[in-house]
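Spelled out from the first residue to the last, the chains are:
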Amino acid sequence: MTAPYEHDGTPPRDGSRVVVIGTGLAGTRLAQRLGERAVLIGEEAHAPYNRVLLAEVLAGTYTPDVIELPATPGPRLRTRAVRVDRERRVVQCESGAEVPYDTLVLATGSNPVLPPLRGLFEPGARELPGGVHAFRTMDDCLALSGTVTEGTRAVVIGGGLLGVSAARALARRGAQVVLTQQAERLMERQLDPRSSELVRRHLTALGVEIHTECRVRGVGVVDGRVRRVELHDGYVLGTDVTVLACGVRPRTGLAQAAGLDVGKGVLVDDALRTSDPRIHAVGDCAQHAGTVYGLATPALEQADALAGVLTGGADAYTGTRALTRLTLPHTAGPLDLAAFGETEALPGDDVVQLADATRGTYRKVVVRGDRLVGGVLVGELASVGALAHAWESNEPLPAAGDTTAAPLLHLLTHDGGL
Ligand SMILES: Cc1cc2nc3c(=O)[nH]c(=O)nc-3n(C[C@H](O)[C@H](O)[C@H](O)COP(=O)(O)OP(=O)(O)OC[C@H]3O[C@@H](n4cnc5c(N)ncnc54)[C@H](O)[C@@H]3O)c2cc1C
């Protein structure tokens, strides 16, 4: 682990100080690419880790050290950045340290959305009551882990990717899990109704009780701990531990206070540059061409592109076509799924789908004109690479008979996979 960085004001030998705020996937990747000239500032007490794998830690599959990211070569300062003084070009930290920069990169990620549930916050309270956790950080994960044993009653609020991951991890730890989802199906942003139903069946087989179209109204706190989750129809769920998986919001406070242009995220151009040319932003906190991705692949691609920009290799960033992948382990075999683009057709689109109820597999692609615009694969992912490539390149699909289209055509015309 890198020792806390004591900044002495000495500029690195190459004369350009790049300071990166945030030791998540994007910040750490950028620091790896830039080498010793990058100074990392991160508030989390743990060595930088791969957030995507937190559910595996919660499930007990991995210990925290397994998901640590490779060490970065430059200095790392373990503190929170509290202010960016653009005039003096200095980052002020909670620890009292002042870190000067020539180039500053915001890689501050996202904050969990805390829903306005009755009883969740006492008037004036700044902290959540006991027994309720977000699911964003290693600390959240370890705190949750510490309270879950066989038979613990757990309620997960939110049935997106995060809620589904949390529910299956808690179920694997032996908890009695109830998952409440406001939308009509699980992972409605990524999955079409049929694939969502397969995920639902899989979770149900793990023992998770699922309520869709179910709005949570409030929580009941007893002796400082959440003990009840109250649904909109008046139904009350008893709970020992409650997980809030209600989405995330880009963490833009520092940028906003520094007077940078902020929309949903920190606005950046194709050089990942903010409205101040000395300050860049990457990952979950950045908004590029109207999009805040909130996903790992775009965060890594933005970090790589910015490394190119800052080292003169000048990769412009033009956007990411991000694929969602999830593996839901089960003793009877894992359920793998991948989804990309638009999984529901518009009028006039061509849709091809193959389903095998016995094997629990489902494959569907949506084609608009001569382009692949989306697809979802459940249980049978052999063709995911070829499909993702056809989607990411956004090129016209080759006509039937052209052998370069073989993987896609196989998927469209042959049952049983490749
Ligand atoms: C449980 C879970 C499962 C996920 N699963 C998937 C998945 O399957 N697929 C997928 O694509 N994505 C997934 N994601 C989302 C993915 O993790 C994020 O998109 C990715 O981590 C974004 O990287 P980032 O570096 O931009 O932000 P983050 O990883 O959030 O890192 C930001 C870091 O900056 C630090 N920071 C913020 N402000 C300051 C400050 N002022 N001073 C110092 N430090 C600061 C934060 O503490 C944090 O460590 C998942 C997320 C979670 C929580």
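Anything mentioned here points back to the structure above.
Residues numbered from 1 in each chain as written. Predicted model: local features only at pLDDT ≥ 70, side-chain atom pairs only at ≥ 80, totals over all residues. Heavy atoms only, no water.

Peer 1: So what about the overall build of the protein chain? Which residues, and what values?
Peer 2: Summing up its helical and strand segments, the protein chain has nine helices and 25 strands in all. For the protein chain, the proportion of its 418 residues judged to be buried stands at 50%. Taking the contacts inside the protein chain whose residues are at least 6 apart along the sequence as the reference set, 59% of them involve residues at least 24 apart. Carbon and sulfur atoms provide 48% of the accessible area of the protein chain, an area that totals close to 19,000 Å². (Helix = DSSP H or I, 4+ residues; strand = E, 2+ residues; numbered from the N terminus. Buried < 20%, exposed > 50% of the residue type's maximum accessible area, 1.4 Å probe, protein only. Contact = heavy atoms within 4.5 Å. Areas by Shrake-Rupley, 256 points an atom, 1.4 Å probe, with all protein chains shown as cover.)

Peer 1: Summarise the sheet that holds strand 16 (residues 241-244); cite the residues concerned and give the values.
Peer 2: Taking strand neighbours across the sheet as the criterion, the five strands line up as 9-16-10-11-12 in an open arrangement whose pairing is parallel. The strands lining the two open edges of the sheet, one partner per strand, are strand 9 (132-134) and strand 12 (209-211). Going from strand to strand, the sheet's axes swing by 20° on average, the running direction of each strand aside. Where strand 11 (residues 176-180) lies against strand 12, three bridges are found, and the strand directions are parallel. Among the inter-strand pairings, Thr180 is bridged to a residue of strand 12, identified as His211. With respect to the sheet, helix 4 (residues 161-172) is in contact with strand 10 (153-157), strand 11 and strand 16, its orientation differing from that of strand 11 by roughly 170°. (Pairing = 2+ DSSP bridges. Axes fitted to C-alpha atoms, helices over the stretch in contact; angles between N-to-C directions.)

Peer 1: Tell me about helix 4, and please be specific about residues and values.
Peer 2: With twelve residues, helix 4 extends 17 Å between its outermost C-alpha atoms, agreeing within 8% with the 16 Å of an ideal straight helix rising 1.5 Å per residue. With respect to burial, helix 4 is a largely interior element, nine of its twelve residues being buried. Of the positions making up helix 4, those classed as buried are Gly163, Val164, Ser165, Ala166, Ala167, Arg168, Ala169, Leu170 and Ala171. On its buried side, helix 4 packs onto helix 2 (54-59), strand 10, strand 11, helix 5 (193-205), strand 16 and strand 21 (323-328). In the stretch just after helix 4, Gly174 is the one whose phi turns positive, near 90°. (Expected span 1.5 Å × (residues − 1).)

Peer 1: Describe unusual backbone geometry, listing the residues and the values that go with them.
Peer 2: It is generally the case that most residues other than glycine have a negative phi and that most peptide bonds are trans. Phi angles above zero are rare outside glycine, and Arg89 is one such case at about 55°. Of note, Arg89 is situated in the loop between strand 4 (81-85) and strand 5 (90-93). Even without a glycine there, the phi angle at Asp223 is positive, about 50°. Assignment of secondary structure puts Asp223 in the loop between strand 13 (216-222) and strand 14 (225-231).

Peer 1: Pulling in residues and values, what's your account of the nonpolar core?
Peer 2: Ile21, Ile41, Val91, Leu104 and Leu106 are the most contacted members of the largest nonpolar core, which has 43 residues in total. Sorting elements by how many residues they give to this core places helix 7 (residues 296-310) first, with six residues. Residues contacting Leu104, with those up to four places away along its chain left out, are Val19, Ile21, Val84, Val91, Arg278, Ile279 and His280. Grouped together as the second largest cluster of nonpolar side chains are 42 residues, Tyr49, Leu54, Leu170 and Val177 included. (Core = buried A, V, L, I, M, F, W, Y, C linked by side-chain atoms within 4.5 Å.)

Peer 1: Before we move on, could you go through the sheet that holds strand 5 and cite the residues and values that matter?
Peer 2: The three strands are arranged 4-5-6 in an open sheet whose pairing can be described as antiparallel. The sheet terminates laterally at strand 4 and strand 6 (98-100), the two strands that pair on one side only. Along the sheet, successive strands turn relative to each other by an average axial angle of 20°, direction set aside. Of the strand pairs in this sheet, strand 4 and strand 5 are connected by four bridges, and their pairing is antiparallel. Bridge pairing links Asp85 to Val90 in strand 5.

Peer 1: Give a description of the site of the ligand that names residues and reports values.
Peer 2: Neighbouring residues of the ligand: 32 residues in total, closest Glu43, Glu44, Arg51, Arg136 and Asp284. Glu43 places a side-chain nitrogen or oxygen 2.6 Å from an oxygen atom of the ligand. Ala81 has a polar backbone atom sitting 2.9 Å from a nitrogen atom of the ligand. Taking 1,000 Å² as the accessible area of the ligand by itself, protein coverage stands at 94%. For the shell around the ligand, the elements supplying multiple residues, two or more each, are helix 1 (25-34), strand 2 (38-42), helix 4 and helix 7. (Near = heavy atom within 4 Å. Polar contact = N/O pair within 3.5 Å; in protein donor to acceptor, adjacent residues only side chain to side chain.)

Peer 1: Hey, could you go over the pattern of salt bridges for me, with residue numbers and the actual values?
Peer 2: All told, the structure shown has 26 salt bridges when counted by the stated rule. One salt bridge connects Arg80 with Glu43, and the closest N-O pair in it is separated by 2.7 Å. With Arg80 in the loop between strand 3 (76-78) and strand 4 and Glu43 in the loop between strand 2 and helix 2, this residue pair connects regions lying 37 residues apart in the sequence. On the accessibility criterion, Arg80 (36% relative accessible area) is partly exposed. Taking the shortest distance from any N to any O, the salt bridge between Asp269 and Arg273 comes out at 2.9 Å. The partly exposed category is assigned to Asp269, whose relative accessible area is 27%. Here Arg273 falls in the partly exposed class, since its relative accessible area comes to 36%. One continuous salt-bridge network, built from bridges that share partners, spans Glu43, Arg80, Glu94 and Arg251. (Salt bridge = Lys/Arg side-chain N within 4 Å of Asp/Glu carboxyl O.)

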